[in-house]
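Overview (structure and organization)
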Amino acid sequence: MQRDTRTPSQVPERRLAGHRQEVCGLKWSPDNQYLASGGNDNRLYVWNQHSSTPVHSYSEHMAAVKAIAWSPHHHGLLASGGGTADRCIRFWNTLTGQPMQCVDTGSQVCNLAWSKHSSELVSTHGYSQNQILVWKYPSLTQVAKLTGHSYRVLYLALSPDGEAIVTGAGDETLRFWNVFSKARSQKENKSVLNLFTNIR
């Protein structure tokens with residue numbers, strides 16, 4: 001159900017029907033034009049503002065899709081993570097509708113979030129590793145593996161400056177991690193290998 005709280009109550013809400021089971025993930029695209037939804041029916045849908053049917057429907061996940069994140073760096077790039085029977089992070093080009101990369105994380109994917117400063121992605125996990133992983137995109141190499149939680153890491157929030165994350169788990173703890181360094185991403189941008197930054 002989509003509602004605009006600025007409009008009078010007489011304006012009907014918008015109803016998007018597609019999932020056959022509970023909706024467990026929702027995320028607006030950075031430009032606010034698209035809404036991605038994941039469900040316990042193992043489906044990932046992409047909706048726009050003009051239609052009551054999905055513009056894209058993905059059924060490749062083998063478990064519930066709770067973790068969803070739009071890239072702030074690559075327009076139309078969507079990442080999604082599957083539950084215990086799936087364990088995969090999948091990437092989608094929503095401009096063409098085509099599936100892209102897929103990586104098996106070895107654990108239930110609970111949350112995903114992109115770095116604001118670099119092309120990196122953090123994922124939190126449940127059964128069986130209960131860990132936090134940082135990935136480089138598009139190579140999908142693991143940059144960091146963070147352990148400490150003893151139960152599944154159900155909650156994830158990015159700090160306003162984009163450098164730290166906080167995670168919450170079933171072990172009744174909140175943990176703060178410095179995962180995305182602004183200085184590191186600026187250093188990468190000023191690499192001597194990047195010839196274009198040196199041409200005036």
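Residues numbered from 1 in each chain as written. Predicted model: local features only at pLDDT ≥ 70, side-chain atom pairs only at ≥ 80, totals over all residues. Heavy atoms only, no water.

A few points about the pattern of salt bridges
For the structure shown, the criterion picks out four salt bridges. Across the salt bridge formed by Asp4 and Arg6, the nearest N and O atoms sit 2.8 Å from each other. In this structure Asp4 comes out as partly exposed when scored by relative accessible area, which is 33%. For the salt bridge of Asp104 with Arg87, the shortest nitrogen-to-oxygen distance reads 3.2 Å. Pair noted here: Asp104 is in strand S8 (residues 98-104) and Arg87 is in the loop between strand S6 (77-82) and strand S7 (88-93), with a separation of 17 residues, a long-range link. Classification of Arg87 as partly exposed rests on a relative accessible area of 29%. (Salt bridge = Lys/Arg side-chain N within 4 Å of Asp/Glu carboxyl O. Buried < 20%, exposed > 50% of the residue type's maximum accessible area, 1.4 Å probe, protein only. Helix = DSSP H or I, 4+ residues; strand = E, 2+ residues; numbered from the N terminus.)

Thoughts on the pairing of S6
With respect to burial, S6 is a largely interior element, six of its six residues being buried. The side-chain alternation of S6 yields two buried faces, one formed by Leu77, Ala79 and Gly81 and the other by Leu78, Ser80 and Gly82. Bridge count between strand S5 (residues 65-70) and S6: five bridges; the pairing is antiparallel. Paired with Val65 across the two strands is Gly82, which belongs to S6. Taken together, S5 and the strand that follows it, S6, pair antiparallel across an intervening segment of six residues, in which Gly76 is found at a positive phi of about 85°. Of the strand pairs in this sheet, S6 and S7 are connected by five bridges, and their pairing is antiparallel. What sits directly across from Leu78, in S7, is Trp92. (Pairing = 2+ DSSP bridges.)

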